[in-house]
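# Structural characterization, general
Listed below, chain by chain, are the residues.
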Amino acid sequence: MVEDSETLDEVVVVGYGVQKKANLTGAVASVDFEEQAKSRPVTTVSAALAGLSAGVQVMQNSGQPGSDGATIRVRGVGTLNDANPLVLIDGMEGSMDNINAQDIETISILKDAASCAIYGSRAANGVILITTKRGKTGEAKFTYDGMVAVQRQTKRLDMMNLREFASFYNDFVDVGELEPSSIYGDPSLLGVGTNWQDAIFRTALQHQHQVSAQGGSEKVKYYVSGSYMDQDGTLIGSSFNRYSFRTNLDAELKPWLKIGLNATYSSTKDDLKLADSDQGIINYSLTTPPDIPIYDIDGNYSSVVREGYTNPNPIALAMMDQILLYRQKLTGSIFADVTLMKNLTWHAEFGYDISYNKGERYQPRVDLGNWQRDSNMSSISKNNSTFWQLKNYVTYTGQIDKHGFTAMVGQEMWASNYDNTRVENTNLPSDAVHNPSLGSGTPTISSGFGSSSMASFFTRLTYNYDDRYLGTYTYRYDGSSNFGPDNRWAGFHAVAASWRFSNEAFFEPVRNVINNGKLRLGWGQTG
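Residues numbered from 1 in each chain as written. Predicted model: local features only at pLDDT ≥ 70, side-chain atom pairs only at ≥ 80, totals over all residues. Heavy atoms only, no water.

Each helix and strand counted, the protein chain has eight helices and 24 strands in total. The principal-axis extents of the C-alpha atoms in the protein chain amount to approximately 95 × 60 × 55 Å. A buried classification covers 43% of the 527 residues belonging to the protein chain. In the protein chain, of all internal contacts separated by at least 6 residues, the share reaching a separation of at least 24 is 65%. Summed over all atoms, the accessible surface of the protein chain reaches about 27,200 Å², with 55% contributed by carbon and sulfur. Across the protein chain, the centroid of the 45 positively charged side chains sits 9 Å from that of the 57 negatively charged ones. (Helix = DSSP H or I, 4+ residues; strand = E, 2+ residues; numbered from the N terminus. Buried < 20%, exposed > 50% of the residue type's maximum accessible area, 1.4 Å probe, protein only. Contact = heavy atoms within 4.5 Å. Areas by Shrake-Rupley, 256 points an atom, 1.4 Å probe, with all protein chains shown as cover. Lys, Arg positive; Asp, Glu negative; His and termini not counted. Charge placed at Lys NZ, Arg CZ, Asp CG, Glu CD.)

Moving on, we come to the sheet that holds strand β6 (residues 86–89). With mixed pairing, five strands are arranged side by side in an open sheet as β3-β8-β9-β6-β7. Unpaired on one side and paired on the other, β3 (28–32) and β7 (92–93) mark the two borders of the sheet. Alignment of β6 against β7, held across two bridges, turns out to be antiparallel. Bridged to Leu88 within β7 is Glu93. (Pairing = 2+ DSSP bridges.)

Judged by side-chain polarity, Met160, Phe168, Phe172, Val175 and Leu178 come together as a nonpolar surface patch covering roughly 430 Å² of accessible area. Looking at where Phe172 falls in the secondary structure, it is placed in helix α5 (residues 162–174). (Patch = residues over 30% accessible without salt bridge, like charges linked within 9 Å, V, L, I, M, F, W, Y side chains within 5 Å. Salt bridge = Lys/Arg side-chain N within 4 Å of Asp/Glu carboxyl O.)

A few words now on the side chain of Asn170. With respect to the helices, strands and loops of the structure, Asn170 is situated in helix α5. Look at Asn170 and you get buried, because its relative accessible area is 17%. Side-chain polar atoms of Asn170 contact the backbone oxygen of Tyr184, separated by 2.8 Å. (Polar contact = N/O pair within 3.5 Å; in protein donor to acceptor, adjacent residues only side chain to side chain.)

Turning next to the nonpolar core. Counting residues in hydrophobic clusters, the biggest one holds 21 residues, and the most contacted among them are Val45, Ile107, Ile109, Ile128 and Ile130. Those elements giving two or more residues to this core turn out to be β3, α3 (45–49), β4 (56–59), β5 (71–74), β6, β8 (104–110) and β9 (127–132). Counting 17 residues, the second largest nonpolar core, distinct from the first, contains Val28, Leu88, Tyr393 and Phe458. (Core = buried A, V, L, I, M, F, W, Y, C linked by side-chain atoms within 4.5 Å.)

To continue, consider the packing of aromatic side chains. This structure, assessed with the given rule, holds 18 aromatic pairs. Ring geometry for Phe165 against Tyr184: centres 5.5 Å apart, planes inclined by 80°, an arrangement best described as edge-to-face. Remark: Tyr184 occurs in the loop between α5 and α6 (196–200) and Phe165 occurs in helix α5; sequence separation between them is 19 residues. Judged by centre distance (4.8 Å) and plane angle (45°), the rings of Tyr228 and Tyr243 are tilted. Note that Tyr228 is positioned in strand β12 (residues 220–232) and Tyr243 in strand β13 (residues 239–254), a separation of 15 residues in sequence. (Phe/Tyr/Trp six-rings, centres within 6.5 Å; stacked < 30°, edge-to-face > 60°.)

Moving on, we come to the pattern of salt bridges. If charged atoms from side chains of opposite charge come close, those side chains can pair. Applying the stated criterion across every chain yields a total of 18 salt bridges. Note that Asp353 is salt-bridged to Lys329, the shortest N-O span being 3.1 Å. One end of the pair, Asp353, is in strand β16 (residues 344–363); the other, Lys329, is in strand β15 (residues 322–341), and 24 residues separate them in sequence. Classification of Asp353 as buried rests on a relative accessible area of 10%. Looking at Lys329, the relative accessible area reads 17%, which means it is buried. Measuring nitrogen to oxygen at the nearest pair gives 2.9 Å for the salt bridge that ties Arg468 to Glu504. A residue pair is termed long-range when its members are at least 10 positions apart, and Arg468 in the loop between β21 (444–465) and β22 (469–480) and Glu504 in the loop between β23 (489–499) and β24 (519–524) qualify at 36 residues. The class for Glu504 is buried, based on a relative accessible area of 8%. Bridged by salt links that share partners, the residues Asp90, Asp103 and Arg246 form one connected network.

Read these as spatial facts, not as claims about activity.
Below is the structure:
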């Protein structure tokens, strides 16, 4: 029950500012992610969060290489559709897919409505605030982080081998449901056949490397990093690789003026496979009979078509069909902190996010003996999106005798735009060039575009009496273009109070056993 004083004095990111951990009135958890990365291998951000904070559930629901597609629940489900929390990376809305885990310094998790209300309509399922590493005063410190790991499927569905399948088949023959088969006539003469699950899954290698430099003077501090990650999927033929670069700069131009820059660029390539649908590789591996071999006597992929059964060879689909996804993202922010007068600071920030995605899918002509695909298909899709946000807030901090207080008021606005195009065609003259314009079939062309925006105003007031009685009030007023004029604006209030009874005089006799005890009460509104 003893917590050291350094932990109590550390500051925690709470949204548009920081507070001492000991003075929090809402439910906020802080994770020293840098220390976590030192103590265990970190492959994804969400996996590293698992088990570190009460009330936060992390469920990995995808084995796709490179994907951080975990389901995260902060104190249950708050909305009917997407129930994942809002993720902010250095104040910019983002995804855990788009950040290198070794660049993260701390993560704050806002759990209850009292702490989340400052983010209004977007915070119904909690908020995760990710803070990346920044420069420190001193000589340049160069760091290399590397990791090599292997992944494998540790569990398989218990399926029948060839001998068991033959006995099962003959049971239906005995009751007149199926015709006798010369293949399955005597199960004792058969071996185990093809285990299609073992055939489509593999032990996959993953490695990632990062080089970073951190340092600076009293006036200018920097953190720069570059990383590379390459991951094979446990499903044969699938893979992921990523290059990413980050720069964080802080400069004190005048005693009253500080400016900073956060910028990151990432480029990824996914080699995907159609895995989960009814026509996916995994489904075919579970429904393909074990008497069908992977290869015929000539070394080609084999496949058998029978009455009531038309599954193609799952290995052929995995190795011949192509689904590629290329993504590039440039995101960051430029900010300034201006000290207008003693204890009064104005923070201005402009953020941006520019994304480009390209997807390619190709299905070649296939001749697997009894199973054929006579026509090839090629499709290319492109998506461009831009996002910008502007926020300004002023914070005043005061102390009168034992009374401490802060007042913050600000505004935020953002807008996003996207456009996409997709073209598909069949009957290309060759499987060597994947260009839909070369197809002689009927082309399919589609496109779309859209935009959305939001404007917000917010405030937060905090009060602290002698580090014993603490109170916080927050309010946010959001207006979204996604709603009609009559329902466009909504307000979100929150009130929280806490009593640090461990700082009372009557608690002195047991303070060496429990040095920090607090009772907290909060109420709030979120989207």
